[in-house]
Each structure stands twice: as structure tokens, then as C-alpha cells.
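Residues per chain, in single letters:
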Amino acid sequence: MVHLLSYIVFIPLVAALLVLLTPKVYQNLYRVLTVLGLGLTLVLIIFAVSKFDGSVQGAINSEANLQLVEKTEWFSMSLGSLGKFSVDYFVGTDGLNVGMLLLAGIVLLIGAIASWNIKEKQKAYFGLYLLLSSSILGCFVALDFFLFYLFFEFMLLPMYFLIGIWGGPRKEYAAIKFFLYTLVGSILILIVMIGLYNSVYDPVKTALEAGYEASQVEQVQQLVQDGTIKSGQIVKSFNMIHMADADNYIPGSFLEKSGLAKIFGQPARWIAFLALLIGFAIKLPAVPFHTWLPDAHVEAPTPISVVLAGILLKVGGYGLIRTAFVMFPDSAYHYSWLIGFFGMFAIIYGALNALAQKDLKKLIAYSSVSHMGFVLMGLAAMTVEGISGAIYQMYSHGLISAMLFLIAGVIYDRTHDRMIENYGGLASQMPKYTVFVAIAFFASLGLPGFSGFIAELMVFIGSFKSSAIPAWMPVVATTGLVLGAGYYLWTLQRMFFGKFWVKDKNWVNSLTDLNSREYLMLVPLVILILVFGIYPSLLLDLINNSVESFADHLFQFRK
Amino acid sequence: MLISQLQHSGLKEKLASTSQDLWALLPEIVIVSTIILLVVFDLIFKKNKSIGLAAIAFAGLAYCFVLTIQQWHSVESSKALMSGLLNLNRLSIFLKGGFIIGLTMALITAIRSGDLQKDFFKSSEILVMLFGLLLGASFMTLSSNLLMIYISIEVVSICSYILTGLTKGRKKAEAAMKYLIYGAVASAIMLYGMSWLYGFTGTLNLTDQSFAIAITQIPQLPLSIACVMVMGGFLFKLGAFPLHIWSPDVYEATPTPIVAVFSVLPKLAALVIIFKFVNLINTPLIDWELWIGILAIASMTVGNFSALWQKDIKRMLAYSSIAHAGFLLVGILAFSSSGNQAMLFYGSVYLMMNFGAFYLVQILERQTGDTSFQSMKGLGIKLPLIASLVLVVMIALTGLPPTAGFNGKLYIFSALWESYQADGHDILIWVFVFGLLNTVVALFYYLKLPYLLFFKTPQSEISLDNKEISDALVGTLFVLPLLLLFFRSDWFVGLMNSINFELWIP
């Protein structure tokens, strides 16, 4: 299939339109349409991943490294002295996003199944959910910054309504907080996007514009550096792959690699990197920009929590890799200690907070903050192991956190109460549920055999080896693992073991064990978590070449 | 001065060229004829005049629009008219076309407004004043002579004062009085400043060679004082900080379709005048980047933060238009061809956004009877189509994708970055940072209306008339360009590429 990625991105959108056009009389069809649409998407994603060739080798900043590429001009116009303003519809996969794509497909489908019980305003709910799905998938495959930004921003609005209409008691507050925090982040990203656009040119289009062959890219780059090709003929570019190549920066522009340009007395590239870092760190979220997350999670309905923790956080991590690290490797190296420190801090701070929570969902939300710290630390290490670990952690945490939020949803569905202290000895009442809770908790705390263990192990190996961050950072971060075991085991003990007790006697009858729909969601997740815990090479083989060239790309600045 | 010129160059030739130039003013002549027709029609017929008046108004607008398109094709570069009093170029033709579309949208809003329809079309008064405002705004875009600028601004102002006070009510009288007093003082100060400039240079014509030469020989202080005074009048019309205080009261008291006209036509016309003025007083003695930069930052910030606390939608939109005036100034600030195009793009998108927003507010007002935020609670469930359109417009006003509001901001700030890269003036980076962070503040109040519409449950039962489908169809016509221009903004920019922003006449 030629337009495989486009089908993947736009099938949910088509399903959303179908939902909107279906009359209200057939409202039971909405959820069926949603599950079918996302099921088809997942099938196509699996097909795409199976077609993805992990052995393709190429530099992270060359289009040779990409697969399943689709590139057509979206619009191009000349805007005064800015020159040609050209935006492409440019999607493709490489090792950095192929795993994310697969994860998104899985979690979105599970979220759709989890939405089965939504009763209020079904049309709006499923329409927005599909819209959100489409923009998430688009965000992972877009390789044109403009397109990426469009999808990135477009996630906010559906999410705002999904939390704000179908959420818990403080939903309005949580929704607007989520929107404002993320918007601050996207504004910072927008600033850098404008800056990059003003600094980067498209060597191929410039070659054609200046009357050269499209194949004479290197020659054209040389001529632009010399100043032989004048600014009128330079075609600027939003292409994220071009932005990663130092040779594609217009001489004298602000973000030029050797540039001495300063903003507020600091090198412009450092400022730009920091802006991107904060922008995506809000989404990730990293301490101290994480405070929207517990609120959003607590108020959001279960399926939205699943999507939020399972995929939306990963958009932050992926964006950080794709833009900040790949485009500004020098600045990334300069700030690696800072990123490593915040990673370490998040691991411990998130775990300590989780330890103190009384609400099960809030506990899981803080454990997410803690686990996302590993992503930051792995990236800061700048070694192959560290980066692989970071990507693996995103993938693994996507599955595990989806499962954790489903589990919290199971109990909330039955009693509308998530306070840990209100339950005791649930194991005797709901034995099968307890088994799944135990699996999820152990997977999340990093027990060998589950995918989380592989990810965290690689992050630690990578950061101990790293010359970019000092060794005490991973050492301190290991306490996070101990704390993680602490809060999970303690919760397990308080809620599930001992004599059966619940606060409200009326709950006893409603506390039934898992139903078939819940099995349908939980069992595949358990299998996936185990499979990726035992055969990490399933994913690592796909991403390895890209990660290695990414590490090489960073390595130039690590001497 | 005119008379002396006439004596020099021979009355006959002058008259000949003037009558020649009249052809170039055909769109304006059509506007005047429409006004006369409206008045005459109103006098002749006694009853059931509304259909006739509406027909005349729309026919006049349509004919005027056709003429404007013809003019667009026949005029390539700047052309001096009426002995240099006017300066016809594609920039002004483009804006005139926009104004005509805007006024048409306002009249459609009035037709769909229920009660107001009677006020608008019962007699010719409001229509005549609106056309007068259009005439003034058209001449503002054409003027390149200080006297002509003053007269056209006054035409717009006087029409505005009357429009504010025309419908009955104590609040309206207060607003009209406030408007009149502020406006009169601003005009007087502007006129005084113009007299200084005339005294310095000996000419009123901004595009005159002698003006350009003389302006460089004036000491800094008196030139600055003169410019501050003149800019005062312009900023009043633009509704930018610090001369914005009148606008919330006026907006709140005036009927919504008229407010829509107030919020766009005079603003964009004033923007063009500021653009000309700032570019033609081209001397290193005045740091225009600093001046405009500070004004832009202040307008954006003051407008946005004041809008946060509003309880009435129209007041909120008034403050939002103050903030947008700041964004429009950023386009001038870039002082580059990309900045000019970005400014014009933003201005056009602003026109569409505002007429769309006021149309939807008018529809909601028809249902609830007032424009306070509280009365909008829960209407989204009953009017899902209208509420969705409101959401799109508010997203566009905030400047988020996928609406043209995002492109407008993107182009403006790209141009700004480019000029910062070129000259490194510190104020530019501050404008950049403040401008984009203001977007976050803006989100907070723009989302308030969709928030109330969708998230809240209605306080009491409101009886709705069943016109949602037709309302939404018209609304879609207003709102659709905002989405289309996001996906294909090259169509529109292509049109702007043929505009020559050169102000000098060769």
C-alpha cells in the first residue's frame, strides 16, 4: 500500500465523520464504529510495523533512513522578504517513531473498548475520541514541523472537552489546567519552530530554485555556505530531517550551528533548546511542570486516563527526541547534566508523592511522573543503551500505565470510590482482579520478566556508562526503585490482603469480579507486557539502527 | 495651499485631471449615490420600506464590490489622484473590498437579529450612517495627505458617534457621550500635531519629496512631540493602548452588528494610516521600532488581561479587539515586505473572525435576550451547531490551528523574527515573547464562552425559536473561510503578492 501511513492517520478521522453523520437513533453504533475504526487502524499499524525493515541504516538526519515515506507539497507561497514559505505533507517512520506508532495503535483500541460504558452524549464523546486518535497518530508520523505542530496542538481541544465534559467532580478545573499548561509548552515550541524555519533551508528545493539538479545537494550546500546562492533563491523548510543537519542552516542565521548569535546574552541555540525542553517537558511531564497531570488523571474518565498516560505523555518524550535532541545535539550535551538531574529528581519526587497518596488514581499518576523521569535520564546519558532504554521505557510504560488505569477504573466503576483506605482484603472478594492488579503492580515496579525491568535496566546501564552525566545521578535514582516497590506493595497489602472490609456495606454486592469486557482489555496487555519483557529484541531490533545513528549524532559533541 | 497650486499650474489643466481622476473614485461615488438613494427612498415611501431599503443597500454594496474588483485589475502600481490628495494602490483597493464584505456581513447579521431588524431597516438612518462610515474608511485607506487623513477620520468618527447614540437608552447616551468627548479631544490633538508637521515641512502631502527632505532636518524633540500628537488620533481609531478606554463602553451599549463594523473597519483603516505615516516619516531621530513595539506590547497585554475579568461577551470582545490591535501593530513593527504582507493577512483574518464572532453573539443574544456570559450557560446542548461554530471562531481568535488565526500569528511572528535576525533591536524579541505568551492568556477568556455553552447546565428553561439550521448555514459561510485559509493560505497570499507596498509615487 502506497499511502499506508495516511490511511493510519485518517481512518479514525473518517470514522469520526461517520459517527457525526449517524443519526442519534442508532447511537449504539457509535461505539461499534469507534472500535471498528481503531481496530482497522491497529491492523494497518501492525502491517506497517511488519513491513518496517530494522536493518536499514542511515544517518538520523538523512531521509535515507526513513521508511513508508509520503511527501507531497501542501502549500507553498512567497511571503515578502521571508522568501518562499513551503510546507509539505511529509510523513514517514524510522526507529524513533515506529514503536510509538505501535503503542498508540494498541492503547487507542483498548481505550475505545474501555469507553464502552459511556452513556452520556455518546456522539460527541466518540467523535472527539476519534479526532484525538487521529491527531495522536499524526503527531507520531509527521516529519514536517508545521504538520507536527498542527497535530500536536490539535490534541489539546478534544482532550479538553473529553476531560471537561465526561470527567469527575472537578473536571472543569482539571480541563482548563491541562489546556493552559500544555499551551504554554506549545507556545515555546512554536517560538523555536519559527526560529528554525528562519534558519533552515531545503537543499533539494533550493537546488531546483537555483537551477541545479536535485542530486547536487552537497554542492548546493557548499554554495549556500559560500554565499554564492543568494537569499532570494533559498527555499526555507519546515522539514524536521533537514533541521537536524548542520549543513542546512543558512549562514548568518540565528540558530546556525557555529553561530555566535545571542539572545538575552546566551547563545541562541541554547535558548532554543531550553524552550523545546520545557515545552515538551510539560507534556512529559517532568518535575516541576507536572502539576497538571495528577489533576487531569483524577478527573478524567478511565479511557481518557488510559490514553493520557499511555500515549499523550509519550508525545512529550518523542517530541523531545525528535526535535530538541536531534536538532540541537550540541546544546543537549551542554544541558545533559540538567536533564539528568531533573530526570533523577522526577524519579524520586514522583515516587515520594506516590507514597503519600490516598487516592489510587493519584498514586498511579505520580508513579507515571516517576517513571517518566527514567526517560529523561536515559536521554541525558546520551549512550546507545540509555537512549534505547528511554524509548523502551516510553513503550513499556505506555502498556503498563494503560493497565494500571484500567485497574483503577475497574474498582471505580463498581463503587465510585478510589480511596485506598476504604478497602481491605479485596483478594477474597475479587481474586481474579487481584491477580491482574498484582501483575500490573509488579510490572510497574520493575520486576524481571516484565517490560519495565528491561527499560529501567538499560537506562541504568546507559547512565552509569555515560560521560554526559555524573555517576551519582543514577545511584541516587535507584532509590526510586526501592520507593516504587514500597508504594506498590504497601497498596497491595492495604487494599487486597487481610480480612475483607469495605467502608460502605452497600458496596459488597457491587464488588463483583472482572467481566468479559475487562478481560478483553487486560489480558492482551498482560501478554504484551510479558512478551516485551522476555523478548526485548522484538522492539529493539526495529529501533536499534536509528538509535545508534542518533547516538553517533549526539556523540560528535561529547568529546 | 491647493489654491496656490491651482494658480501655478493653470486651472484648466488641473480641472481636467481632476475630472479624469473621478473615474478612479467610482466605488466611492457609488457609495455616495447609495446614501442619496436611501435618503430619497426613505422620504418618498411612507410604509413597508424595509425591503426596498435593504435592496438598495445590498445592490449598492454589490455594485461597489464589482467596481472594486475591476479597479484591482486595472491598477498595478500606486497612482496619485486629485493633485496628490489621494493615493490609489492595490493595498487600498484590497482593503476597500474587505470593508464592503464586512459591511455586507454586518447587514446580514442585522437581518438575522430578530428585533434589531426593525431598527435597521425601518428607516434609512442607520444604513446611511453605516455607508457614511464605509465611505470614510475607504477614504482613510486612500489618503496620503494630512488634511485628507483628518477629514476621512472625522467622517468615520462622526458616523460612529451617531451610530452609538442612535438607538434609545440611557446607557447608549452615556456611551455616545463618552465616545464623542474622547474622540473630539483625540481629533483636536491630532489636528494640532498635523499643524506642527505642516509648519516644519511646508507641505501636507506625506508622499511629497519636499516632505521627505524637510522631515530629516527637524530637531528630535519637536518632531517627536508632533508625531506623538498625530499618532494619538490614529491610535484612538485603532483602539490601541493607551487610547482604548472608550471601546468597551461603546461596544457594550451599541447593537451588535454595528459593533462588528466598529471593531473592524475603522481599525484596519487606521492601521493603514499608521503604516503609511510611520514608513513615510523615515528618520533615524525617531525610533519607530521602540515606539510601536511598546505600544504593541502594552495593547496586547492590557487588552488580554482586562478581557479576563469581563462578564459581558461584547465587552470581552472589545478588550480582545484591543489586544488584536497590538498584534496588528506587530506587522508594522517588522518593517519588511514580509511584515507588510503578514499584517494584511492578519488584518483580513481579523475581519473574518470578528464578523463571525459578532454574528454568532447576535444569534445567541436573540435567544437569550442579553449578552452576559451567565445567560449562555448550557446553550451548547440545545444549539450544538451554533456552539460548534462559536468554538471554531474562538479558537481562531486565540490563534490555534486548524484555523487561519494561527497562520496570521505564525506569519506575523515569522516576519518579526526575521527582522530581529536582521537588526537585533532588543524590543523585537520582547514583543515576540510577550506576543506569544499573551496567546496563553487569551485562551483563558476565549474559551470561556464555549466552556459555558458546553460544560454547564442551563439555569432556567429558555424558549428557543427553531431557526438553528438557517442560522448555522449563514454562520458556516462566515466561519468556513477561517478553516479554508488554514489549509490553503497560499490562495490568499498569492492575491497579496501582487500588492505593491511601495508608498512613494514615482
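Please read these numbers as outputs of a predicted model, since none were measured by experiment.

Cut-offs and rules
Sequence positions are assigned chain by chain, starting from 1 and proceeding in written order. A letter from A marks each chain and a number from 1 marks each ligand, given out in the order of writing. Confidence filtering applies because this is a predicted model: local features only for residues at pLDDT of at least 70, side-chain atom pairs given and counted only at 80 or more, and all residues used for totals across whole chains, interfaces and linings. Strands here are runs of E lasting at least two residues and helices are runs of H or I lasting at least four, both read from the DSSP assignment and numbered beginning at the N terminus. As defined in this context, the radius of gyration uses C-alpha atoms, and a globule is described by 2.2 Å times the residue total to the power 0.38. Labels follow a simple rule on C-beta atoms placed from the backbone: if 20 or more others lie within 10 Å of a residue's own, it is buried; if 12 or fewer, it is exposed; otherwise it is partly exposed. Once C-beta atoms have been placed from the backbone, residue pairs whose C-beta atoms lie within 7 Å are recorded as contacts. In this analysis, strands are considered paired if DSSP registers two or more bridges between them. Residues of type Ala, Val, Leu, Ile, Met, Phe, Trp, Tyr and Cys that are buried and joined through C-beta atoms within 7 Å form what is called a nonpolar core. For this scheme, ten residues count as nonpolar: Ala, Val, Leu, Ile, Met, Phe, Trp, Tyr, Cys and Pro. Four count as charged, namely Asp, Glu, Lys and Arg, and the remainder, Gly too, count as polar. One less than the residue count of a helix, multiplied by 1.5 Å, gives the span that helix is expected to have. Per-residue confidence from the predictor is given as pLDDT, running between 0 and 100. Whenever a helix is involved, its axis is fitted only over the stretch in contact; in every case the axis is a line through C-alpha atoms, and angles between N-to-C directions fall within 0 to 180 degrees. For classification purposes, angles smaller than 35 degrees are called roughly parallel, those larger than 145 roughly antiparallel, those between 65 and 115 roughly perpendicular, and all remaining angles oblique.

### A short note on the overall build of chain B
Helix and strand counts for chain B stand at 23 helices and 2 strands. Over its C-alpha trace chain B gives a radius of gyration of 22 Å, about what one expects of a compact globule, namely 23 Å for 506 residues. Projected onto its principal axes, the C-alpha coordinates of chain B cover approximately 75 × 60 × 45 Å. Within the span of chain B, comprising 506 residues, buried residues form 54% of the whole. Pairs at least 24 apart in sequence give 78% of the contacts found in chain B among residues at least 6 apart.

### Some remarks on the pairing of strand β1 (residues 67–78) of chain A
Residues and elements named next belong to chain A. Pairing of β1 with strand β2 (residues 84–93) involves 9 bridges; the strand directions are antiparallel. Along β2, the bridge assignment pairs Glu70 with Val91. In sequence, β1 turns back onto β2 through a hairpin of 5 residues, with Gly80 there showing a positive phi of about 50°.

### A closer look at the nonpolar core
By size, the foremost hydrophobic cluster in this structure holds 404 residues, and its most contacted members are B:Val393 and B:Leu416. Setting aside its immediate chain neighbours within four residues, B:Val393 contacts B:Met353, B:Gly356, B:Ala357, B:Leu360 and B:Val479.

### Brief notes about the interface of chain A and chain B
Across the boundary between the two partners, chain A contributes 29 residues, which contact 31 residues of chain B. Of all the secondary structure elements, the ones that give two or more residues to the side of chain A that touches chain B are β1, α5 (145–154), α6 (156–166) and α7 (171–199) of chain A. The leading source of residues in the side of chain A that touches chain B is α7(A), at 12 residues. Classifying every residue of the side of chain A that touches chain B gives 19 nonpolar, 8 polar and 2 charged.

### Thoughts on helix α19 (residues 404–423) of chain B
All names here are of chain B. Taking 1.5 Å per residue as the helical rise, α19 with its 20 residues ought to reach 28 Å, and the 29 Å between its terminal C-alpha atoms agrees with that figure. Of all 20 residues in α19, 17 are buried, a share of seventy percent or more. Positive phi appears at Gly424, one or two residues downstream of α19, with a value of about 65°.

### Overview of helix α8 (residues 146–166) of chain B
Under the 1.5 Å per step criterion, the end-to-end length of α8(B) is 30 Å for 21 residues, consistent within 8% with the ideal 30 Å. All of the buried residues in α8(B) are B:Leu146, B:Met148, B:Ile149, B:Ser152, B:Ile153, B:Val156, B:Ser157, B:Cys159, B:Ser160, B:Tyr161, B:Leu163 and B:Thr164.

### Comments concerning the confidence of the model for chain B
Counting all residues, the mean pLDDT for chain B is 88, and 97% of those residues have values of 70 or more. For this predicted complex, the interface confidence reaches an ipTM of 0.89, while the overall pTM sits at 0.92.

### Concerning unusual backbone geometry
All names here are of chain A. With an omega dihedral of -10°, the bond running from Leu284 to Pro285 counts as a cis peptide bond. Along the chain, the position of Pro285 falls in the loop between α11 (268–283) and α12 (292–299). In the segment running from Val287 into Pro288, the intervening peptide bond is cis, with an omega of 5°. For Pro288, the position within the fold is in the loop between α11 and α12. Even without being a glycine, Leu68 presents a positive backbone phi close to 55°. Structurally, the position occupied by Leu68 is in strand β1. For Leu68, a count of 22 C-beta atoms within 10 Å puts it in the buried group. One non-glycine residue, His416, adopts positive backbone phi at about 55°.

### Comments concerning the packing of helix α13 (residues 256–280) of chain B against helix α16 (residues 337–368) of chain B
All names here are of chain B. Contact pair α13 / α16: the axes reach a minimum separation of 8 Å and the direction vectors enclose 170°. Taken together, the axis directions place α13 and α16 in an arrangement best described as roughly antiparallel. Contact residues: α13 offers Thr256, Pro257, Val259, Ala260, Ser263, Val264, Leu268 and Leu271, while α16 offers Gly347, Tyr350, Leu351, Asn354, Phe355, Phe358, Val361, Gln362 and Glu365. Residues that form the contact of α13 with α16 fall into these classes: 11 nonpolar, 5 polar and 1 charged.

### Looking at the environment of B:Met231
All names here are of chain B. Its location among the elements puts Met231 in helix α11 (residues 220–238). Residue Met231 is classed as buried on the basis of its C-beta count, with 23 C-beta atoms lying within 10 Å. In sequence terms Met231 and Ile274 are 43 residues apart; their C-alpha atoms lie 7.5 Å from each other.

### Looking at the packing of α19(B) against helix α22 (residues 468–487) of chain B
All names here are of chain B. One can describe the packing of α19 onto α22 by two numbers: an axis separation of 7 Å at closest approach and a directional angle of 50°. With respect to α22, the element α19 is oriented oblique. Residues Ala404, Gly405, Phe406 and Asn407 of α19 lie in contact with α22, whose contacting residues are Leu482, Leu485 and Phe486. For the contact of α19 with α22, the residue count by class is 5 nonpolar, 2 polar and no charged.

### Remarks on the environment of B:Ile35
Residues and elements named next belong to chain B. On the secondary structure map, Ile35 appears in helix α3 (residues 26–44). Residue Ile35 is classed as buried on the basis of its 22 C-beta neighbours within 10 Å. As a C-alpha pair, Ile35 and Glu154 span 119 residues in sequence and 18 Å in three-dimensional space. Ignoring anything within four residues of it in the chain, the contact list for Ile35 reads Val128, Phe131 and Gly132.

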